[in-house]
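Single-letter residue listing:
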Amino acid sequence: ILKSRATLLEKDNAPDLIRGSDPNRSMASINELSDYTETARYNGDLVHVKELDIKGFEMRSKLLTYIRMCRDLRHENLNPYVGFLADPLRPSIVMEYCSRGSLNDIIHNDDFKLDWDFKLSLLTDLVRGVRYLHSSALKFHGHITSKNCVIDSRFVLKITDYGISGIMERCKATLEFETRDLLWSAPELLRDLVLLQKGSEKGDLYAIAIIFQEVILRSEPYSTTGLTPEEIVKKLKKPPPLIRPSVTPQAAPPQFIQIMKQCWSEMPEMRPGIDEVYDQFKKLTGGKKANIVDTMFKMLEKYSTDLEDIVAERTMQLEEEKKKTDQLLFRMLPPTVAESLKMGRNVEAECFDEVTIYFSDIVGFTTISAMSTPMQVVDLLNDLYTMFDATINDHDVYKVETIGDAYMVVSGLPIRNGNRHAGEIGTLALVLLSQCGKFTIRHMPQVPLRLRIGLHTGSCVAGVVGLTMPRFCLFGDTVNTASRMESTGAAFRIHISETCKLALDVLGGYITEYRGQTELKGKGLHNTYWLVGKEGFDKELPEPPPVT
């Protein structure tokens, strides 16, 4: 027994030693090491100080015996008495300090994610604590609320404030209640002020049922009614109708809801005993001791596994999005060039000694466009170039660009392929020509799509131009000559230069016809040829019209 608040800060007290009082220092000493009046240090440890409103307090033998009986109560789910502060001005119960605060704090703290296992663990601790009290010499608590159920550092729930009604009775003092504090009180206690001061076993059962509702719904008592505490207390005192919280079947298992409703029965004798409630909770927990720390570890393990799965899933999604981005980038730039740009390296222009360039356009495209709507022109080009794009994937070529109806492809860069470039482009030209012979314009099914192709082999320079929407461009006389070969060609024919013909001859197997000398703009007369087939090429080629 501590006689003065000053002794709370001394380190050589014995819990049963009665010391002299120094009333002038009491409040100053308790606040020296604390931000709150209900917290102090005793023997170096934090303790909780529950001040009692008792006028003219005096320690008598019966009261001392009763306090020692309360102090000797020991259970995992009771917050034990450290001692009693026998200060005449402000007598207080000194209990162990629980760092997690009250159950009410946990319920209304959104940072705590309370799943069903977490809730069941807390409520099982509550039932075990009440069961011990009911089997002890104290017989009952009398005024259990979610505020005097505290949580320690291991997330174990402990009941506190037990024995207060006995202390007040022995000091001939009365407890004062705010209306909100009566929401946990059973109806029969509210109707009898004397009984309300003491409490009862059946009253404890009603109180824990209201706490069940608080935890399950994470809300205030009777929150579903929408009434003020004063209105609720008035209806509890004078039914009908009976007023009780409303809990949906989805909020908790049916067995739990049934226990809760039995505990808040109007007639005390209809409420189950705490042993019966305890047995029902054992069935809910499967007979296992539902410790909150074990539940926390299970939750952490589950969250860790879930987090690993989420990270793996997100990583896979990221990889897929990266692939999509890379595919899009590789359609705009050669893969080797794109990789260099992604790594932040400058892409220097490079000279290639020998490449083969393909140019094609649609003969009569201006006339077709004049007879079509813009959307129809777009559909035509999209259908045609989608077919072309799918075809070039089967050949060692790179699509440089499309401008209107013009289509430009190159082989031999950016990755050199020896002397195969002419063969790759030659075979591609034959395949595309064959496809165009069977191509149908959707809005003009009777009009043939006449493709004109030109090929040339030579040297060129390739490089990336620009920062915004960078483009991989080809420069040099070879590009101009390939374009001239296309523009001086004919419908459904592949017009090739002499250098291209010689490159194909080296490879062998390509069938060409001499066209004669053709005047190329700005270059004079040059020997040119028609590529008309390839050995083993069995696709049907369209019949070209006569060359005028």
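Please read all numbers here as calculations on a predicted model, not as lab measurements.

Conventions we followed
- Residues numbered from 1 in each chain as written.
- Predicted model: local features only at pLDDT ≥ 70, side-chain atom pairs only at ≥ 80, totals over all residues.
- Heavy atoms only, no water.
- Core = buried A, V, L, I, M, F, W, Y, C linked by side-chain atoms within 4.5 Å.
- Buried < 20%, exposed > 50% of the residue type's maximum accessible area, 1.4 Å probe, protein only.
- Helix = DSSP H or I, 4+ residues; strand = E, 2+ residues; numbered from the N terminus.
- Contact = heavy atoms within 4.5 Å.
- Phe/Tyr/Trp six-rings, centres within 6.5 Å; stacked < 30°, edge-to-face > 60°.
- Patch = residues over 30% accessible without salt bridge, like charges linked within 9 Å, V, L, I, M, F, W, Y side chains within 5 Å.
- Areas by Shrake-Rupley, 256 points an atom, 1.4 Å probe, with all protein chains shown as cover.
- Salt bridge = Lys/Arg side-chain N within 4 Å of Asp/Glu carboxyl O.

Observations regarding the nonpolar core
Among the nonpolar cores identified, the biggest contains 76 residues, and L126, I167, I211, F212 and F281 are the most heavily contacted of them. No other element matches the ten residues that helix α8 (residues 201-217) contributes to this core. Contact partners of I167, with chain neighbours within four places excluded, come to L52, I54, L63, Y66, I67, Y81, F84 and I93. Counting residues in hydrophobic clusters, the runner-up holds 40 residues, among them L433, M444, L451 and L531.

Some details on the packing of aromatic side chains
By the definition in use, this model includes 14 aromatic pairs. Pairing W116 with F256 gives two aromatic rings, centres 5.4 Å apart and planes at 80 degrees, and the pair type is edge-to-face. Taken together, the positions of W116 in helix α4 (residues 116-135) and F256 in helix α10 (residues 254-263) put the pair 140 residues apart, joining distant regions of the chain. Their ring planes at 85 degrees and their centres at 5.6 Å tell us that Y398 and F472 sit as a pair that is edge-to-face. Separated by 74 residues along the polypeptide, Y398 in strand β8 (residues 398-403) and F472 in strand β11 (residues 471-475) bring together distant segments of the chain. With relative accessibility at 9%, the residue Y398 sits in the buried group. The buried category is assigned to F472, whose relative accessible area is 5%.

Notes on a nonpolar patch on the surface
Taken together, the side chains of L307, I310 and V311 make up a nonpolar region of the molecular surface, amounting to roughly 260 Å² of accessible area. Examined against the element boundaries, I310 turns out to sit in helix α12 (residues 292-332).

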